[in-house]
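Results of the structural survey
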Amino acid sequence: RCPVPLLMTAVQFSFQFLFAGLVVFASQTTLPRLPMRTFILQVAPSALAFALDIGLSNSSLVYLTVSFYTMCKSSAPMFLLCFAFLL
């Protein structure tokens with residue numbers, strides 16, 4: 001069991017931020033400017049869902065064993081495929 005899930009989440013987000021900055025800096029490309037409406041309607045919901053996925057996954061490690069968590073997480077693509085065919 002993980003005693004500090006919020007610390008794990010903060011470290012993970014920090015490394016993602018640093019790695020994304022490094023990739024943008026190394027590629028020497030300029031990022032396009034998005035209008036605020038486009039950002040709020042298209043980018044923010046996806047970013048929020050991604051952040052909640054990571055945060056809640058790390059928080060679940062307080063209550064679950066790592067092996068059970070890994071088993072559940074690895075079965076997620078199977079459920080997505082089943083629901084995709086059902087819908």
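On a predicted model such as this, the values are computed, not experimentally measured, just so you know.

**Considerations on the overall build of the chain**
Regarding its fold elements, the chain presents four helices and zero strands. Relative to the globule expectation of 12 Å for 87 residues, the C-alpha radius of gyration of the chain, 17 Å, shows a markedly less compact shape. Projected onto its principal axes, the C-alpha coordinates of the chain cover approximately 45 × 40 × 25 Å. Counting all 87 residues of the chain, 11% fall into the buried class. Taken as a whole, the chain presents about 7,400 Å² of accessible surface, with 77% of it coming from carbon and sulfur.

**Here we look at the state of the cysteines**
Within the structure shown, the criterion is met by zero disulfides. For the unlinked cysteine Cys72, the closest cysteine sulfur is that of Cys82, found at 15 Å.

**As for the pattern of salt bridges**
Close approach of charged atoms allows side chains with opposite charge to pair. All told, the structure shown has one salt bridge when counted by the stated rule. The residue Asp53 makes a salt bridge to Lys73 at a minimum N-O spacing of 3.4 Å. Placement of the pair is Asp53 in helix H2 (residues 36-60) and Lys73 in helix H3 (residues 66-74), with a sequence separation of 20 residues. In this structure Asp53 comes out as partly exposed when scored by relative accessible area, which is 38%.

Definitions and limits used
- Residues numbered from 1 in each chain as written.
- Predicted model: local features only at pLDDT ≥ 70, side-chain atom pairs only at ≥ 80, totals over all residues.
- Heavy atoms only, no water.
- Helix = DSSP H or I, 4+ residues; strand = E, 2+ residues; numbered from the N terminus.
- Rg over C-alpha atoms; globule rule 2.2 N^0.38 Å.
- Buried < 20%, exposed > 50% of the residue type's maximum accessible area, 1.4 Å probe, protein only.
- Areas by Shrake-Rupley, 256 points an atom, 1.4 Å probe, with all protein chains shown as cover.
- Disulfide = S-S within 2.5 Å.
- Salt bridge = Lys/Arg side-chain N within 4 Å of Asp/Glu carboxyl O.

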